[in-house]
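# Residue-level structural notes
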Amino acid sequence: MTKRDFLSLADLKPADVHELLDLALALKSQWRAGGQGCETQRQRLADKTLGMIFQKPSLRTRVSFDVGMSQLGGRAIYLAPEEIRLGERESIPDAARVLSRYVDGIMARVFSHEDVLALARWATVPVINGLSDFNHPCQGLTDLLTILEKRDRLEGVKLAYIGDGNNVLHSLLYGAAQVGMHLVAATPEGYGPLAEVVQQAKTMAVDTGASIELFHEPREAIRDADVVYTDTWTSMGQEEEATRRRQIFRPYQINEALLALANRDVGVMHCLPAHRGEEITDEVADGPQSWLFDQAENRLHAQKAILVASYSTS
Ligand code: CP
Ligand code: NVA
């Protein structure tokens, strides 16, 4: 029996991505309709468990996976950073093999991407990447779901990412390449996405008609954008660089003046948590173009699809 890990959007085929999005939409509307549909949904992962390993803090990932599991009839077990101490109290291979004897799936939020890869290598149950320093595939799938709902298509949509070339941008690059979107990123010099990720995304884009363009100047990237996306300038684990980053990234703030250069009906996205007054202003985050909270809600629906797909072995 093969197990279905969810470690990177680059591991999937475009058809897998569309299948997950369709499943997420179906689960979302079924749950919202209430009644018998909810009962049916509670059978999907009845009595299944998910072990959730966290090396870093979380609101969305922790709560949406927990609630998602209970809506699907299963349960989630939260393992705090100080409890497991992955790789310190015991080795990752040992922790992965022990957990696999108790739970039916593992979700892990880690610093080093190597750690989630090692968990997947040693676990005999599916492993879902809940964010690493390298990528954030659950967020990436959620973002595609949100754009699809709001725009009724993904192909040809122009997404401008303004800010740090981080884990979230890496997953957006893979996601956009999978579904034929036009991703334009503006990042300060020295803070761009990894060259190998850009190259891989461009290779994937050949088959889907996607395009990837990189700039340093935010005003160039945002022009005619259908969707504008930003994330924190200082990711978890980079806290000692925060002061310097605040200075370097100041021209990359999403404010009303910058947003005026995008399409009139532009949507604004942010994976959250937001640092209001830094990468995004209150006016934009709370303004009529903000999709922030619909996007946050969609973590639940996208991850329920990931859970259902991961737990159904082939
Ligand atoms: N966007 C996101 O992953 O949020 P949390 O860090 O709160 O899980
Ligand atoms: N880039 C951010 C995303 C948080 C959800 C971080 O890694 O801290």
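Overview of the structure. None of the values given here were measured: they were computed from a predicted structure. (Residues numbered from 1 in each chain as written. Chains lettered and ligands numbered in written order. Predicted model: local features only at pLDDT ≥ 70, side-chain atom pairs only at ≥ 80, totals over all residues. Heavy atoms only, no water.)

## Thoughts on the overall build of the chain
A tally of helices and strands in the chain yields 14 helices and nine strands. Against the 2.2 N^0.38 benchmark of 20 Å for 314 residues, the chain shows a C-alpha radius of gyration of 19 Å, consistent with a compact globule. C-alpha atoms of the chain, sized along the principal axes, occupy 55 × 45 × 35 Å. Of all 314 residues assigned to the chain, the portion counted as buried reaches 56%. As displayed, the chain offers around 13600 Å² of accessible surface, 49% of which is attributable to carbon and sulfur atoms. The distance from the centre of the 33 positive side-chain charges to the centre of the 43 negative ones in the chain is 3 Å. (Helix = DSSP H or I, 4+ residues; strand = E, 2+ residues; numbered from the N terminus. Rg over C-alpha atoms; globule rule 2.2 N^0.38 Å. Buried < 20%, exposed > 50% of the residue type's maximum accessible area, 1.4 Å probe, protein only. Areas by Shrake-Rupley, 256 points an atom, 1.4 Å probe, with all protein chains shown as cover. Lys, Arg positive; Asp, Glu negative; His and termini not counted. Charge placed at Lys NZ, Arg CZ, Asp CG, Glu CD.)

## Some points on the environment of Pro188
Along the polypeptide, Pro188 turns up in the loop between strand S6 (182-186) and helix H9 (195-208). Residue class for Pro188 comes out buried when judged on its relative accessible area of 5%. In this structure, Pro188 is in contact with Gly163, His216, Ile248, Phe249 and Tyr252, ignoring residues within four places of it in sequence. (Contact = heavy atoms within 4.5 Å.)

## Some details on the site of ligand 2
What surrounds ligand 2 is the set Leu131, Asn166, Asn167, Val168, Asp231, Thr232, Ser235, Met236 and Leu272. Asn166 is positioned such that a nitrogen or oxygen atom in its side chain is 3.3 Å from a nitrogen atom of ligand 2. At a separation of 2.7 Å, a nitrogen atom of ligand 2 approaches a polar side-chain atom of Asp231. About the coverage of ligand 2: the protein hides 95% of its 270 Å² of free accessible area. When grouped by side-chain class, the residues that make up the shell around ligand 2 number four nonpolar, four polar and one charged. (Near = heavy atom within 4 Å. Polar contact = N/O pair within 3.5 Å; in protein donor to acceptor, adjacent residues only side chain to side chain. Nonpolar A, V, L, I, M, F, W, Y, C, P; charged D, E, K, R; others polar.)

## A few points about the packing of aromatic side chains
Applying the stated rule across the entire model yields five aromatic pairs. With centroids separated by 5.3 Å and ring planes inclined at 45°, the aromatic side chains of Phe54 and Tyr78 adopt a geometry described as tilted. Here Phe54 is found in strand S1 (residues 49-54), whereas its partner Tyr78 is found in strand S2 (residues 75-79), with 24 residues between them in sequence. Between the aromatic rings of Tyr191 and Phe249, the centroid separation amounts to 5.2 Å while the plane-to-plane angle is 70°, which identifies the pairing as edge-to-face. With a gap of 58 residues between them, Tyr191 in the loop between S6 and H9 and Phe249 in the loop between helix H11 (242-248) and helix H12 (256-259) connect regions that are remote in the sequence. Judged by relative accessible area, Tyr191 falls into the buried class, the value being 16%. Residue classification places Phe249 among the buried residues on the basis of a relative accessible area of 0%. Taken together through their ring pairs, the aromatic side chains of Tyr191, Trp233, Phe249 and Tyr252 make up a single cluster. Above the face of the Tyr78 ring, Arg62 is positioned so that its terminal group lies 3.7 Å from the ring centre. (Phe/Tyr/Trp six-rings, centres within 6.5 Å; stacked < 30°, edge-to-face > 60°. Lys NZ or Arg CZ within 6 Å of the ring centre and 35° of its normal.)

## A closer look at the state of the cysteines
If you walk through the whole model with that rule in mind, you get zero disulfides. Lacking any disulfide linkage, Cys138 is separated from the closest cysteine sulfur, that of Cys271, by 12 Å. (Disulfide = S-S within 2.5 Å.)

## Description of the site of ligand 1
Within the structure, ligand 1 sits among Ser58, Leu59, Arg60, Thr61, Arg109, His136, Gln139, Cys271, Leu272 and Arg299. Within the side chain of Ser58, a nitrogen or oxygen atom sits 2.6 Å from an oxygen atom of ligand 1. For ligand 1, an oxygen atom lies 2.6 Å from a polar atom in the side chain of Thr61. Here ligand 1 loses 96% of its free accessible area of 250 Å² to cover by the protein chains. Taken atom by atom, the bulk of ligand 1 overlaps the largest pocket. (1 Å grid on protein atoms, 1.4 Å probe; cavity = no way out; pocket = protein on both sides within 12 Å on 5 of 7 lines; lining within 4 Å. Sits in = over half its atoms within 2 Å of the grid points.)

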